[in-house]
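Per-entry structural report
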Amino acid sequence: MNKRPTIQTVAERAGVSRGTVDRVLNNRSYVREDVRKRVLRAIQETGYLSPREAHRQAVEEQRQLPPVKLGVVLPNWGGPFREEVTRGIEAARRALAMRSAEIRVCICESDVPVETIELLDELLAWGAQGIALCALNDISIEAKVNELVQQNIPCITFNSDLPDSHRLCFVGQDYAKSGRIAAELLSKCIPKSGKILAMVGNLEYNGHRTRLDGFCAHMRDKGFYSGQIEVVETYNDYRVTYNKVNDALNNMPGLCAIYMVNRSVTGCIDAIKAAGMAGQIRVIAHDMSPRRRQMLREGSLDLTITQDLYRQGYQPLLLLCDLLQKQLQPAADQQSTNISIICSENLD
């Protein structure tokens, strides 16, 4: 793609300084007439536009783009995921309003695959021309995405992928890497004989499974064997998490760490406190929330590994709009390697 000509481009073409070009652009005096004509000719030949003219042209070009309808399907997750992803979606809505982009968001009430399929059909009936979704890695949902793609409706996954579908691309964290980082940190904090409880929200979500797989594989690389790690699904439910942690504290001798691959961190911490074991069990989690921030400050949560949820709500909609209005294909999966490790000392 050719770069937009700059003042420097004009100055070099006219054989003058940037200051002279600026004086001509702003119709100031102290410029000889022959120099002024040479600069004006260079502006015409290079196609230079002032920042104000360039902005006006860009606005006009956006207004001339064909209108587009974009759909979003969200899982039944609340907390920081919903808040940050929604903030990203709303930012995309504002950014794309001038491009005549209409955005509709549908939210699942359960983890039942058929509900996601029904919402995709609802968006199809509404007239969605592109869809961004975070959904279970289920064969029926993959088939539905493939059906939509065959109807020329591009789909982008975010936060949790459908890697075997024909989705256009994935926007999210490198979850295998974030799981390996958690393992690297935890392996340095516990004895080699220690046992670990790994609590995953739902293994049917590719993001959860990939993160867990990365964690377990790296723990093995660090000298821990599979029998030392007990994996439990909690479906992000507070009560299930609380009860499972309580059971492990009572029935898992040698338990010294809990890896939270789900969002019910409060349930985990509350169970540890109720058992009178605060400070005795290392706890590593993912993502950030006001409650998690408080737990880090008080020391009940050791570390959390964050991701850019705002970007996951924002980026897919821009990519879909660029594809549908400008025929710009995403270069590749938009996996973010910007992973932050937060403890009590770097909260701010």
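Please refer to the structure higher up on the page.
Residues numbered from 1 in each chain as written. Predicted model: local features only at pLDDT ≥ 70, side-chain atom pairs only at ≥ 80, totals over all residues. Heavy atoms only, no water.

Further remarks concern the overall build of the protein chain. Along the backbone of the protein chain there are 13 helices and 12 strands. Counting only C-alpha atoms, the protein chain reaches 90 × 50 × 35 Å along its principal axes. Going through the 348 residues of the protein chain one by one, you find that 50% of them count as buried. Taking all contacts inside the protein chain whose residues are at least 6 apart in sequence as the whole, residues at least 24 apart take part in 71%. Just so you have it, the protein chain exposes about 16800 Å², and 47% of that area is on carbon and sulfur atoms. Looking at charge distribution, the protein chain has the averaged site of its 43 positive side-chain charges lying 9 Å from that of its 41 negative ones. (Helix = DSSP H or I, 4+ residues; strand = E, 2+ residues; numbered from the N terminus. Buried < 20%, exposed > 50% of the residue type's maximum accessible area, 1.4 Å probe, protein only. Contact = heavy atoms within 4.5 Å. Areas by Shrake-Rupley, 256 points an atom, 1.4 Å probe, with all protein chains shown as cover. Lys, Arg positive; Asp, Glu negative; His and termini not counted. Charge placed at Lys NZ, Arg CZ, Asp CG, Glu CD.)

Before going further, it helps to spend a moment on the nonpolar core. If you look at the biggest cluster of nonpolar residues, it comprises 44 residues, and the most contacted ones within it are Leu70, Leu96, Ile131, Leu133, Phe158 and Leu317. Residue contributions to this core peak at six residues, all from helix H13 (residues 309-326). For phenylalanine 158, the residues in contact, after removing those within four places along its chain, are Val72, Val73, Leu74, Phe81, Val85, Ala132, Leu133, Cys134, Phe170, Val171, Gln312 and Pro316. Ranked by size, the runner-up nonpolar core spans 25 residues in total, among them Ala248, Leu255, Ala271 and Met295. (Core = buried A, V, L, I, M, F, W, Y, C linked by side-chain atoms within 4.5 Å.)

In this section: the packing of helix H10 (residues 238-251) against helix H11 (residues 265-274). Contact geometry for H10 and H11: axes closest at 8 Å, N-to-C directions at 40°. One element, H10, and the other, H11, form an angle in the oblique class. Considering only the axes of H10 and H11, their crossing is right-handed. The segment H10 lies against H11, with Tyr238, Thr241, Tyr242, Val245, Asn246 and Leu249 engaging Thr266, Gly267, Cys268, Asp270, Ala271, Ile272 and Ala274. Split into classes, the residues belonging to the contact of H10 with H11 amount to eight nonpolar, four polar and one charged. (Axes fitted to C-alpha atoms, helices over the stretch in contact; angles between N-to-C directions. Parallel < 35°, antiparallel > 145°, perpendicular 65-115°, else oblique. Left-handed = near helix turned anticlockwise from the far one by under 90°. Nonpolar A, V, L, I, M, F, W, Y, C, P; charged D, E, K, R; others polar.)

Overall, mixed pairing links the six strands, which are arranged E7-E6-E8-E9-E10-E12 in an open sheet. Only two strands of the sheet have a single partner each, and these edge strands are strand E7 (229-233) and strand E12 (340-342). Geometrically, the sheet is characterised by an average inter-axis angle of 20° between neighbouring strands, direction not taken into account. Of the pairings in the sheet, the one linking strand E6 (residues 195-200) to strand E8 (residues 255-261) comprises six bridges and is parallel in character. (Pairing = 2+ DSSP bridges.)

With that out of the way, let us pick up the side chain of asparagine 202. Mapped onto the secondary structure, asparagine 202 falls in the loop between E6 and helix H9 (206-221). Side-chain polar atoms of asparagine 202 contact the side chain of aspartate 111, separated by 3.3 Å. Setting aside anything within four residues of it in sequence, one finds asparagine 202 in contact with Asp111, Leu136, His208, Glu233 and Tyr235. (Polar contact = N/O pair within 3.5 Å; in protein donor to acceptor, adjacent residues only side chain to side chain.)

Of all five residues in strand E9 (residues 282-286), four are buried, a share of seventy percent or more. Pairing of E8 with E9, which is carried by three bridges, proceeds in the parallel orientation. Considered in E9, the bridge of alanine 257 is made with arginine 282. Crossover connection from E8 via H11 to parallel E9: handedness right-handed. Two elements, E9 and strand E10 (residues 303-306), share three bridges in a ladder whose sense is parallel. Opposite histidine 286, over in E10, you have isoleucine 305 as the bridge partner. In this region the chain leaves E9, passes through helix H12 (residues 290-298) and returns to the parallel neighbour E10; the handedness of that crossover is right-handed. (Right-handed = clockwise from strand over helix to strand, strands pointing away.)

Here helix H8 (residues 175-187) crosses H9 at 40°, and the two axes come no closer than 7 Å. Here H8 is positioned oblique relative to H9, judged by the angle of their axes. Read as a crossing pair, H8 and H9 show a hand that is right-handed. On H9, the residues that touch Tyr175, Ala176, Ser178, Gly179, Arg180, Ala182, Ala183, Glu184, Leu186 and Ser187 of H8 are Gly207, Thr210, Arg211, Gly214, Phe215, His218 and Met219.

Look at helix H5 (residues 79-96): 26 Å from first C-alpha to last across 18 residues, which is about the 26 Å you get at 1.5 Å a residue. Where H5 is concerned, the buried positions are Pro80, Phe81, Val85, Gly88, Ile89, Ala91, Ala92 and Leu96. Mapping the buried residues of H5 onto a view down its axis gives an arc of 160°, with all of them on the same face. Opposite the packed face of H5, turned more than 90 degrees from it, sit the exposed residues Glu83 and Arg94. Structurally, H5 contributes buried residues whose contacts are with strand E1 (68-74), strand E2 (101-107), strand E4 (155-158) and H13. (Expected span 1.5 Å × (residues − 1). Arc of directions from axis to C-beta.)

Now for H13. Helical periodicity: at 3.6 residues per turn, an α-helix aligns residues three or four positions apart in one direction. Its 18 residues place the ends of H13 26 Å apart at the C-alpha level, agreeing with the 26 Å of an ideal helix rising 1.5 Å per residue. Residues Leu309, Gln312, Gly313, Pro316, Leu317, Leu318, Leu319, Leu320, Cys321, Leu323 and Gln325 constitute the buried set of H13.

What follows is about the environment of serine 344. Following the sequence through the fold, serine 344 ends up in the segment after E12. Put simply, serine 344 and leucine 303 are 41 residues apart on the chain and 7.8 Å apart in space, counted from C-alpha to C-alpha. Discounting residues that sit within four places of it in the chain, serine 344 has contacts with Leu296 and Arg297.

The next subject is the layout of surface pockets. Where empty space is left becomes clear once a probe the size of a water molecule has been rolled over the atoms. Considered as a void within the structure, the largest pocket measures approximately 290 Å³ in volume. Lining the largest pocket are 16 residues, with Gly78, Gly79, Asn236, Arg263 and Ser264 positioned closest to its centre. Every element with two or more residues in the lining of the largest pocket is listed here: H5, H11 and H12. By residue number, the principal contributor to the lining of the largest pocket is H12, which donates three residues. The residue inventory of the lining of the largest pocket, partitioned by class, reads five nonpolar, seven polar and four charged. (1 Å grid on protein atoms, 1.4 Å probe; cavity = no way out; pocket = protein on both sides within 12 Å on 5 of 7 lines; lining within 4 Å. Points joined across faces, edges and corners; volume = space filled by probe spheres on them.)

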